[in-house]
Structure formats: C-alpha cells, structure tokens
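# Topology and contacts: notes
Each chain, written out:
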Amino acid sequence: MEEFIKFIKTVIWIDDLDLQLVLSRCSERKIPKGKLLLRRGQIANQYFFIASGGVRFFYEAEDQEHTTWVMFENEFFTEISSLHPQKPSRFNIETVDETKLIVIDKKDMDLLYSQVAAWEAFGRKIWEATTVRMIDQIMNFQTLSAEDRYLSFLTHSQVVKKVPIKQVAAVLGITPNALSRIRKKIR
C-alpha cells in the first residue's frame, strides 16, 4: 500500500484523515502472469493501481489478439468505456507479469468522490493525464513514421522488456515483421 500512498501524494495533497478513509476502501491483490482481470463482455466495476507488474488491454478479431494499451507500475486505470456507462467491455485486460494491484470498487470510488474533495481532484487529474496520453498516442499514429513511433515507445523501457514483440507491434499499429526490420535498422 506504500506505493499507492506515495503515488496519491504526488498527484494531490490530502490530509491524513481523508487518506485513511480512502485506504479503508482499498484492497490489495496479487495476480499471476497471464490472468484476466476483465474479460470481453463483462461490465467493469473496479479501479486499479499497479503497485508492481503490468497489464495489457487487448481484443480479439479474425482469430487474432490485438493489444491496444499496456500499463505498468505507478499507473491508475480502469476500463472506463465499460465502467462509466456500465456496458459490456470490448476489451480483455490481462496481466503481463506477476502483478500487485490496489483495487477500489466503483461504489467505493463514487462514495469517496462525494465525501473527499481532495479525492475528487485526484480523479480529475488522473483522467486528465490519461486523456493526454491517449491524445498523444493518436497523434503519434497520425504524424509519426512506424520507426519514430517505436523510438518514442523505447522511452517506456518496461514495455519493450516485458511485452512480447508481437504485442509491441500491435500497440504500434505495425506487423511483427515490420517491427523486426525497424529494430534491425536502428541497432
């Protein structure tokens, strides 16, 4: 839980009483590598903080998996397109490593938002940062070459170390063969 407390304090200032209320609504879970946190068709009802390990979002089409997003330590997430409207998820969320999570149920998050002003600010800042990251990813697809997208991706070294090349290629929107050629070229 220490990792989560440090993360919270980098995002907002929160007094000790409110922090204790937040922590009382959290639970810790260790998930083995390769386990699904959410399956396509399920309705998301939890928020997660990654204390260690990582996850990937993926969908299946034409008998293939397509990885769309990967996240690692010190990231806060949910499947927002399912959770907020309470609609079935279009994605699977799977651990890419043994992963330690801090989990908050949707009903508890809603309660915390209504009772703790600092926590509402936390939520706003998290979703603003997530939106910026998504916009950056869209802009990269529209403005950068595949090689430049890969070079940008290298700044997230955990991704390259922990996620198979096939999945890295999917996140970059290229084939594994194209990624192999790019990697060979830049060595």
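All values reported here derive from a predicted model rather than from experimental measurement. (Residues numbered from 1 in each chain as written. Predicted model: local features only at pLDDT ≥ 70, side-chain atom pairs only at ≥ 80, totals over all residues. Heavy atoms only, no water.)

## A word on the overall build of the chain
On a plain count of helices and strands, the chain comes out with nine helices and eight strands. The C-alpha radius of gyration computed for the chain amounts to 18 Å, which stays within 12% of the reference 16 Å derived for 187 residues, consistent with globular compactness. With the C-alpha coordinates of the chain rotated into their principal frame, the extents come out at 55 × 30 × 30 Å. Relative to its 187 residues, the chain shows a buried fraction of 41%. Sequence separation of at least 24 residues holds for 71% of the intrachain contacts in the chain that already meet a minimum separation of 6. Within the structure as shown, the chain displays about 10600 Å² of accessible surface, and the carbon and sulfur contribution to it stands at 52%. In the chain, which carries 27 positive and 24 negative side-chain charges, the distance between the mean positions of the two groups comes to 6 Å. (Helix = DSSP H or I, 4+ residues; strand = E, 2+ residues; numbered from the N terminus. Rg over C-alpha atoms; globule rule 2.2 N^0.38 Å. Buried < 20%, exposed > 50% of the residue type's maximum accessible area, 1.4 Å probe, protein only. Contact = heavy atoms within 4.5 Å. Areas by Shrake-Rupley, 256 points an atom, 1.4 Å probe, with all protein chains shown as cover. Lys, Arg positive; Asp, Glu negative; His and termini not counted. Charge placed at Lys NZ, Arg CZ, Asp CG, Glu CD.)

## Let's talk about helix α4 (residues 106–115)
Within the span of α4, buried status applies to Asp 108, Met 109, Leu 112 and Tyr 113. Down the axis of α4, the smallest arc covering the buried residues is 140°, so these residues share one side. Opposite the buried face of α4, by more than 90 degrees, sit the exposed residues Lys 107 and Ser 114. Along its buried surface, α4 packs onto α2 (16–24), β3 (46–52), β6 (76–77), β8 (99–105) and α5 (117–143). (Arc of directions from axis to C-beta.)

## Side note on the packing of aromatic side chains
One pass over the full model with this rule turns up 11 aromatic pairs. Each ring, one from Tyr 47 and one from Phe 76, has its centre 6.2 Å from the other, and the planes form 25°; the classification is stacked. With Tyr 47 in strand β3 and Phe 76 in strand β6, this pair connects stretches of sequence that are 29 residues apart. A relative accessible area of 5% means that Phe 76 is categorised as buried. For the ring pair Phe 48 and Phe 77, a centre distance of 5.1 Å and an interplane angle of 25° mean the geometry is stacked. Residue Phe 48 is found in strand β3, and its partner Phe 77 is found in strand β6; the two are separated by 29 residues along the sequence. (Phe/Tyr/Trp six-rings, centres within 6.5 Å; stacked < 30°, edge-to-face > 60°.)

## Description of the sheet that holds β3
Here we have four strands laid out as an open sheet, ordered β1-β8-β3-β6, and antiparallel in their pairing. Among the strands making up the open sheet, the edge pair consists of β1 (26–31) and β6. In terms of strand pairing, β3 meets β8 through six bridges, oriented antiparallel. Each bridged residue has a counterpart across the sheet, and for Tyr 47 the counterpart in β8 is Ile 104. Here helix α1 (residues 2–11) sits on the sheet and contacts β1, β3, β6 and β8; the angle it forms with β3, its principal contact strand, is near 105°. (Pairing = 2+ DSSP bridges. Axes fitted to C-alpha atoms, helices over the stretch in contact; angles between N-to-C directions.)

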